[in-house]
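Chain by chain, the residues:
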Amino acid sequence: MPIEVVMMRTATALLCLLALGACSNKPPAPQSDPKPAASTASAPWDALKQDEQRAKDVQKVVDKQAADQDKQIEQQTQ
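**Q** Is there a simple way to think about helix 1 (residues 3-22) in this case?
**A** Helical periodicity: at 3.6 residues per turn, an α-helix aligns residues three or four positions apart in one direction. In this model, helix 1 (20 residues) spans 29 Å end to end at C-alpha, consistent with the 28 Å of a helix rising 1.5 Å per residue. In terms of burial, helix 1 is a largely surface element, 0 of the 20 residues being buried.

Structure, rendered in structure tokens:
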């Protein structure tokens, strides 16, 4: 048998053993810690409501700043 055939068979057998070794029974490591149940929202839409309220608060600040700026412009033009 030529040496190339023996080397190919050995390489193939080695690759198969490595693939089988990678498929062990141990469970995968957790990727991230799950959040505690107390800190999660009680309903799926609670987080959305919080985001909406935060956006409304930001809009109020922007509106107030715009009104203040308009007043300053009015005072400067008089």
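**Q** Just checking my understanding: could you explain a nonpolar patch on the surface for this structure?
**A** Taken together, the side chains of I3, V6 and M7 present a nonpolar region at the surface, about 290 Å² in accessible area. On the basis of relative accessibility, which here comes to 54%, the residue M7 falls in the exposed class.

**Q** What exactly am I supposed to notice about the pattern of salt bridges here?
**A** Once their charged atoms are close, side chains differing in charge can pair, the charge on each being opposite to the other. Using the criterion set out here, one finds 3 salt bridges in the structure. Put simply, D51 and R54 hold a salt bridge, and the shortest N to O gap is 3.4 Å. With D51 and R54 both in helix 2 (residues 46-77) and 3 residues apart, the pair spans about one turn of that helix. The class for R54 is exposed, based on a relative accessible area of 51%.

Calculation notes
- Residues numbered from 1 in each chain as written.
- Predicted model: local features only at pLDDT ≥ 70, side-chain atom pairs only at ≥ 80, totals over all residues.
- Heavy atoms only, no water.
- Helix = DSSP H or I, 4+ residues; strand = E, 2+ residues; numbered from the N terminus.
- Expected span 1.5 Å × (residues − 1).
- Buried < 20%, exposed > 50% of the residue type's maximum accessible area, 1.4 Å probe, protein only.
- Patch = residues over 30% accessible without salt bridge, like charges linked within 9 Å, V, L, I, M, F, W, Y side chains within 5 Å.
- Areas by Shrake-Rupley, 256 points an atom, 1.4 Å probe, with all protein chains shown as cover.
- Salt bridge = Lys/Arg side-chain N within 4 Å of Asp/Glu carboxyl O.

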